[in-house]
Amino acid sequence: MPLVDKEYHIAIFASGNGSNAEKIIAYFQDHPSIHVSLILSNKPDAYVLKRAEEHIINCALFTKSQMEKDLGVSDVLASNNIDFIILAGFLLLIPPYLISNYPNRILNIHPSLLPKHGGKGMYGKHVHKSVKESGETKTGMTIHFVNEHYDQGTIIKQYSTSIAPEEDAEDIAAKVSILEHRHYPEVIEEVIELYDFSKNF
Ligand code: GRF
């Protein structure tokens, strides 16, 4: 008996490599009720699109302007029956129409302990450089709901790791990446299960 009552379809939005997308795809590969049904990107050369092709998952590509004006985005989400949007290294701001169409159903992962080292321009190595330069002794990752501001939605979960004085930004990135790969898929599952459960009341 599946843990959730209905079938849920998720779309992963990603602009780059897609190592988190890969872990999410693997985690839900044989899941009885949660399926990765779409990969959406704004970068034609994003490696995540190759990963989607290998796993035979539908892909959609939109420019920044098409995203902002909803030139086809809502349509492609509807035609793939998307219930949840999972951001995994997606660099564009999520437009208001998506936030109102998917209330508390858009999740993001950020490679620091928000609210520290978040906001516009804080992505990839910029985050880890900022952590190092601030002399932090710990860092981590944050999974949060998405609102109309970069990295400011309600925090769902955070996981931390220590930083030794000799570790540089690259070492920090590698440690955070391990945390992301280990925990993001299971937190996505928990959020969907909780959502399904709350709908029964
Ligand atoms: C991750 O560090 C994630 O926290 C951030 O973007 C990065 C994506 O990495 N939002 P990848 O493309 O999944 O390898």
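As the structure is a prediction and not an experimental result, all values here were calculated from the model.

A. Molecular detail of the overall build of the protein. Of regular secondary structure, the protein possesses seven helices and seven strands. Ordered by position in the sequence, the α and β elements of the protein form the string β-α-β-α-β-α-α-β-α-β-α-β-β-α. Its C-alpha atoms give the protein a radius of gyration of 17 Å, near enough to 17 Å, the size a compact globule of 201 residues would have. Viewed in the frame of its principal axes, the protein has a C-alpha envelope of about 50 × 40 × 30 Å. Counting the 201 residues in the protein, one finds 49% classified as buried. Taking the contacts inside the protein whose residues are at least 6 apart along the sequence as the reference set, 68% of them involve residues at least 24 apart. When the accessible surface of the protein is summed, it comes to about 10,300 Å², and 53% of that surface belongs to carbon and sulfur atoms.

B. Structural detail: the packing of helix α6 (residues 125-133) against helix α7 (residues 169-199). Axis separation between α6 and α7 bottoms out at 9 Å; the angle between their running directions is 115 degrees. Every pair of crossing elements has a handedness; the one defined by α6 and α7 is right-handed. Contacts between α6 and α7 involve His 128, Lys 129, Val 131 and Lys 132 from the first element and Ala 169, Ile 172, Ala 173 and Val 176 from the second. Grouping the constituent residues of the contact of α6 with α7 by class yields five nonpolar, one polar and two charged.

C. View of the site of the ligand. Close to the ligand lie Asn 17, Gly 18, Ser 19, Asn 20, Gly 89, Ile 109, His 110, Pro 111 and Glu 180. Residue Ile 109 places a main-chain N or O atom 2.8 Å away from a nitrogen atom belonging to the ligand. Against a free-state accessible area of 370 Å², the protein chains account for coverage of 79% of the ligand. Using a 2 Å cut-off from the grid points, one finds that the ligand occupies the largest pocket. Listing elements by their share of the shell around the ligand, those giving two or more residues are α1 (19-28) and β5 (106-110). In the shell around the ligand, the residues fall into two nonpolar, six polar and one charged.

D. Quick look at α6. By the burial criterion, the buried members of α6 are Val 127, His 128, Ser 130 and Val 131. All buried residues of α6 lie within an arc of 160 degrees about the axis, which places them on one face of the element. Among the exposed residues of α6, those oriented more than 90 degrees off its buried face are Lys 125 and Glu 133. Tucked into the core, α6 has its buried residues touching β5, β6 (138-145) and α7. Directly after α6, the chain includes Gly 135, whose backbone phi takes a positive value near 70 degrees.

E. Summary view of the sheet that holds strand β1 (residues 8-13). What the seven strands build is an open sheet, ordered β3-β2-β1-β4-β5-β6-β7; its pairing is mixed. Looking at which strands have only one partner, the edges of the open sheet turn out to be β3 (58-61) and β7 (155-162). Mean inter-strand twist for the sheet, computed between neighbouring axes without regard to direction, equals 20 degrees. Two elements, β6 and β7, share seven bridges in a ladder whose sense is antiparallel. Counterpart to Lys 138 in the pairing with β7 is Ser 162. Against the sheet, helix α2 (residues 47-54) engages β2 (34-41) and β3, with an angle of about 140 degrees to β2. Packed on one face of the sheet, α7 meets β1, β2, β4 (84-87), β5, β6 and β7 and runs near 30 degrees to β6.

F. Seen up close, the pairing of β6. Across the eight residues of β6, seven count as buried, placing the element largely inside the fold. In the sheet, β5 pairs with β6 via four bridges, with the strands oriented antiparallel. Within the sheet, the bridge partner assigned to His 110 lies in β6 and is Thr 142.

About the thresholds
Residues numbered from 1 in each chain as written. Predicted model: local features only at pLDDT ≥ 70, side-chain atom pairs only at ≥ 80, totals over all residues. Heavy atoms only, no water. Helix = DSSP H or I, 4+ residues; strand = E, 2+ residues; numbered from the N terminus. Rg over C-alpha atoms; globule rule 2.2 N^0.38 Å. Buried < 20%, exposed > 50% of the residue type's maximum accessible area, 1.4 Å probe, protein only. Contact = heavy atoms within 4.5 Å. Areas by Shrake-Rupley, 256 points an atom, 1.4 Å probe, with all protein chains shown as cover. Axes fitted to C-alpha atoms, helices over the stretch in contact; angles between N-to-C directions. Left-handed = near helix turned anticlockwise from the far one by under 90°. Nonpolar A, V, L, I, M, F, W, Y, C, P; charged D, E, K, R; others polar. Near = heavy atom within 4 Å. Polar contact = N/O pair within 3.5 Å; in protein donor to acceptor, adjacent residues only side chain to side chain. 1 Å grid on protein atoms, 1.4 Å probe; cavity = no way out; pocket = protein on both sides within 12 Å on 5 of 7 lines; lining within 4 Å. Sits in = over half its atoms within 2 Å of the grid points. Arc of directions from axis to C-beta. Pairing = 2+ DSSP bridges.

Any functional reading would require information beyond the geometric quantities listed.
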